[in-house]
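Tertiary structure, described
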Amino acid sequence: MPLNIVEKIFQSHLVYGELKAGVPVGLKVDEVYTQDATGTMAWLQFEAMKIDRVKVPVAVSYVDHNMVQSNYMNPDDHAFLQSAAKRFGAYFSRPGNGICHQVNLERFATPGWIALGTDSHTPTNGGAAMLAIGVGGLDAATVMAGSPFELNMPMITQIRLSGKLRTPYVTAMDVILEILRRLTVKGGVGRIFEYGGKGVETLDVTERATITNMGAELGATTSIFPSDERTLEFLRAQGREAAWIELKPDEGAKYDKIIELDLSAIEPMVARPHSPDNVVSVRELAGTKVDQVCIGGCTNSSYQSMRAVASILKGKTVSERTNLLINPGSRQVYDMIARDGSLIELLAAGVRMLESSCGPCIGMGGAPGTGQSSVRTFNRNFEGRSGTKDASVYLASPVTCAVAAIAGEFQDVLASALNVTALEEPAMYPVCDNMIIPPSSSELEPIIKGPNIKEVPVKAPLEDDINAEVLIKLGNNITTDDIMPAGAKVLPYRSNIPAISGFVFSNIDSEFVKRAEEARPKGGGIIIGGENYGQGSSREHAALAPMYLGVQAVITISFARIHRSNLINFGILPLTFEDTGIIGKINQGDRLIIKGLKESLANGQTYRVEDATGGFTFTCTSSLNGRERDLILMGGLLPYTKAQTS
Ligand code: MIC
Ligand code: SF4
């Protein structure tokens with residue numbers, strides 16, 4: 001049977017299951033990587049499993065998010081991660097070396113391999129034909145401990161590219177913004193996007209990586225490009241030619257759906273506040289004032305992008321009403337713009353250069369002023385994520401951003417006379433891995449834990465009844481940033497669940513935590529959500545902290561993939577409404593009673609829910625597979641793994 005690329009990779013890594021959409025499959029994983037904001041939990045959980053060394057061929061621990069060192073907490077986390085990497089046999093990418101996805105693409109991405117990363121933008125590596133999936137920290141820890149990775153086989157959609165981008169005006173960022181405009185933030189749920197068609201060869205690996213990076217915003221499990229001559233060029237330029245294999249779909253390979261996209265018809269696009277799918281053409285925004293511009297991050301940090309920006313800014317000055325911040329995604333890219341003189345051009349134009357880290361993308365510095373607008377080459381513009389609640393954040397390409405920075409407002413990029421150096425893939429990147437500490441051979445390394453690093457809390461096994469209060473009722477597309485905010489104030493508590501729990505829903509409802517704490521001794525709480533609940537980041541804190549606050553179940557219309565897994569991993573029951581019409585009748589503060597949970601879990605997964613306050617009943621369902629059912633029964637993945645290994 002002819003296979004597509006995704007099926008080929010799944011087939012060669014299959015431990016159990018069948019390649020049929022919706023069926024659970026177990027996969028052998030080649031690489032696991034973590035970043036600091038999610039990695040401390042992952043490595044604490046790995047430590048709790050009492051395994052000596054990681055059992056995957058490659059494990060890498062990156063430090064890129066929590067870089068502002070306003071007190072001891074973030075540097076303590078970095079020291080912990082470095083010591084854990086040494087102790088357990090992982091590479092350690094030191095702070096300053098760059099953002100995990102950019103560095104992984106440069107130094108580790110391998111066509112045909114499977115990678116898991118504790119960050120939702122792990123699919124960036126799909127630009128180099130690696131099947132790379134974002135997961136929660138506990139899933140990563142379990143796989144590093146030797147388990148296969150289990151997921152329900154996604155549907156595979158082909159995006160068939162034709163034509164050629166109108167470079168330098170139109171870039172890969174505009175391609176993914178156009179796809180988001182068409183498909184929305186729910187369009188990829190349960191799917192993998194495989195790119196194909198003649199247009200593929202017109203894009204180099206870093207352009208492909210921009211597209212697969214932001215496939216995360218479609219809700220997709222991952223996105224992947226073929227491995228071809230362009231992939232070989234990239235790997236050769238990174239000194240990693242030996243990692244190349246050709247990877248193409250077989251003639252006649254099947255997809256559940258095919259979407260046609262003509263690259264030559266795409267124009268410069270912008271996502272408006274506060275969602276990455278709120279996309280319009282930049283023409284429609286021409287003249288809108290821009291107070292801040294940020295370029296870089298893990299979506300648009302290639303050398304080619306930085307060079308294009310520098311050439312637009314050369315000899316000009318950033319508008320006096322605008323601040324321009326640049327965080328190149330890796331030290332390699334920084335190195336290149338320093339060597340070729342771009343850095344001088346940027347500084348001379350008035351750019352504020354930041355270190356190679358996530359920075360303003362996650363509210364670690366670079367917050368806009370009150371009510372200001374910020375246009376960024378990043379991938380998310382959720383309300384409040386920039387660190388400023390009433391800021392208006394837009395997402396656009398590096399070219400659109402550079403033009404806006406000079407003008408102090410959006411400009412019709414296609415109509416501007418740009419002096420852009422459009423670059424081809426460099427023949428050789430300056431490869432230097434001195435900031436990546438290789439796995440040590442010592443198993444006796446001490447693990448360093450600062451006072452802010454606390455034990456991971458564990459839930460008790462499932463009881464037969466839930467009798468809990470509706471703590472909050474929410475709409476559609478609630479993000480994990482809404483549930484568990486990030487930013488310079490909250491992120492340093494990522495290793496301290498009791499402390500970070502104090503911030504759950506704090507951007508939406510400052511009374512939530514108080515209500516949850518009051519409800520905890522009285523049976524705990526329930527969250528009511530809408531469609532695509534938990535979209536966005538992979539942070540398991542958005543499940544772990546509510547669990548710590550006594551949340552027993554979340555009832556929604558539908559869940560985003562990673563968050564659903566995280567809820568199950570921490571023993572919170574994910575339920576969906578059978579009839580969504582009932583949602584209007586449920587109120588915050590209502591007492592919901594669900595009896596006979598174990599019986600329902602074993603037989604049919606249908607639950608009768610009594611709203612004791614409203615005096616009515618309704619039905620919910622769950623769609624847990626066998627393993628997920630066991631996890632819920634035992635209180636989550638940690639107790640489950642302990643039971644299996646003891
Ligand atoms: C993000 O972009 O939201 C993050 C911060 O990188 C997260 C991970 C985290 O919350 O630590 C992600 O994308 O998964
Ligand atoms: Fe970092 Fe932003 Fe990329 Fe997340 S999306 S990994 S915060 S640069």
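That block above? That's the structure.
Here's what I pulled together on the structure shown here.

Basis of the calculations
- Residues numbered from 1 in each chain as written.
- Chains lettered and ligands numbered in written order.
- Predicted model: local features only at pLDDT ≥ 70, side-chain atom pairs only at ≥ 80, totals over all residues.
- Heavy atoms only, no water.
- Buried < 20%, exposed > 50% of the residue type's maximum accessible area, 1.4 Å probe, protein only.
- Helix = DSSP H or I, 4+ residues; strand = E, 2+ residues; numbered from the N terminus.
- Pairing = 2+ DSSP bridges.
- Near = heavy atom within 4 Å.
- Polar contact = N/O pair within 3.5 Å; in protein donor to acceptor, adjacent residues only side chain to side chain.
- Areas by Shrake-Rupley, 256 points an atom, 1.4 Å probe, with all protein chains shown as cover.
- Nonpolar A, V, L, I, M, F, W, Y, C, P; charged D, E, K, R; others polar.
- Phe/Tyr/Trp six-rings, centres within 6.5 Å; stacked < 30°, edge-to-face > 60°.
- Contact = heavy atoms within 4.5 Å.
- Core = buried A, V, L, I, M, F, W, Y, C linked by side-chain atoms within 4.5 Å.
- 1 Å grid on protein atoms, 1.4 Å probe; cavity = no way out; pocket = protein on both sides within 12 Å on 5 of 7 lines; lining within 4 Å.
- Points joined across faces, edges and corners; volume = space filled by probe spheres on them.

**Quick look at the pairing of strand β27 (residues 616-621)**
Along any regular strand the residues' side chains alternate between the sheet's two faces. Burial of β27 is one-sided: the residues F616, F618 and C620 facing one way are buried, the residues T617, T619 and T621 facing the other way are not. The hairpin turn running from strand β26 (residues 606-611) into β27, its antiparallel successor, is four residues long, and G615 in that turn takes a positive phi close to 75 degrees.

**Remarks on the site of ligand 1**
Among the 14 residues in the neighbourhood of ligand 1, the closest are listed as D119, S120, R494, S538 and R539. At a separation of 2.6 Å, an oxygen atom of ligand 1 approaches a polar side-chain atom of D119. At 2.9 Å from an oxygen atom of ligand 1 is found a side-chain nitrogen or oxygen belonging to S537. For ligand 1, the protein covers 96% of the area, taking 340 Å² as the surface of the free molecule. Of the residues belonging to the shell around ligand 1, the class tally is two nonpolar, seven polar and five charged.

**Side note on the site of ligand 2**
Residues in contact with ligand 2, as listed here, are H65, I99, H101, D119, H121, C298, C358, C361, I362, N379 and R385. Tallied by class, residues from the shell around ligand 2 come to five nonpolar, four polar and two charged.

**Concerning the packing of aromatic side chains**
Applying the stated criterion across every chain yields a total of 13 aromatic pairs. A ring pair is formed by W43 and F46, whose centres lie 5.7 Å apart and whose planes are at 70 degrees; its orientation type is edge-to-face. In this pair, W43 and F46 are both assigned in helix α2 (residues 36-48), three residues apart and thus about one turn of the helix distant. Residue class for W43 comes out buried when judged on its relative accessible area of 1%. The class of F46 is buried, set by a relative accessible area of 0%.

**Some details on the environment of A84**
On the secondary structure map, A84 appears in helix α3 (residues 73-88). Between the alpha carbons of A84 and T40 there is a distance of 9.2 Å; along the sequence they are 44 residues apart. Excluding residues within four positions of it along the chain, A84 makes contact with W43 and G89.

**Comments concerning the nonpolar core**
Counting residues in each nonpolar core, the largest one holds 109 residues, and the members touching the most others are W43 and F512. Discounting residues that sit within four places of it in the chain, W43 has contacts with T34, V54, S61, F80, L81, A84, F88, A90 and M144. Grouped together as the second largest cluster of nonpolar side chains are 52 residues, A115, I295, Y303 and M353 included.

**Side note on unusual backbone geometry**
Cis peptide bonds are those with omega within 30 degrees of zero, and the linkage from T167 to P168 qualifies with 0 degrees. As for its position among the elements, P168 is in the loop between β9 (155-162) and α6 (172-183). Between P273 and H274 the backbone carries a cis peptide bond, its omega angle lying at -5 degrees. For H274, the position within the fold is in the loop between β13 (269-271) and β14 (279-281). Backbone geometry places T184, a non-glycine residue, at a positive phi of 70 degrees. With respect to the helices and strands, T184 occurs in the loop between α6 and β10 (191-196). A relative accessible area of 30% places T184 in the partly exposed class.

**Concerning the layout of surface pockets**
When its volume is computed, the largest pocket comes out at roughly 940 Å³. Lining the largest pocket are 47 residues, with L151, N152, R564, S565 and E628 positioned closest to its centre. Taken together, the elements giving at least two residues each to the lining of the largest pocket come down to α5 (137-144), β8 (149-152), α18 (561-569), β24 (573-577), α20 (626-634) and α21 (637-645). Among the elements that make up the lining of the largest pocket, the one with the highest residue count is α18 (six residues). The class makeup of the residues in the lining of the largest pocket is 22 nonpolar, 19 polar and six charged. Space inside the second largest pocket adds up to approximately 530 Å³. Together, 28 residues line the second largest pocket, and T167, D204, E207, Q304 and L423 are the ones closest to its centre. Tallied by class, the residues present in the lining of the second largest pocket amount to 12 nonpolar, 10 polar and six charged.

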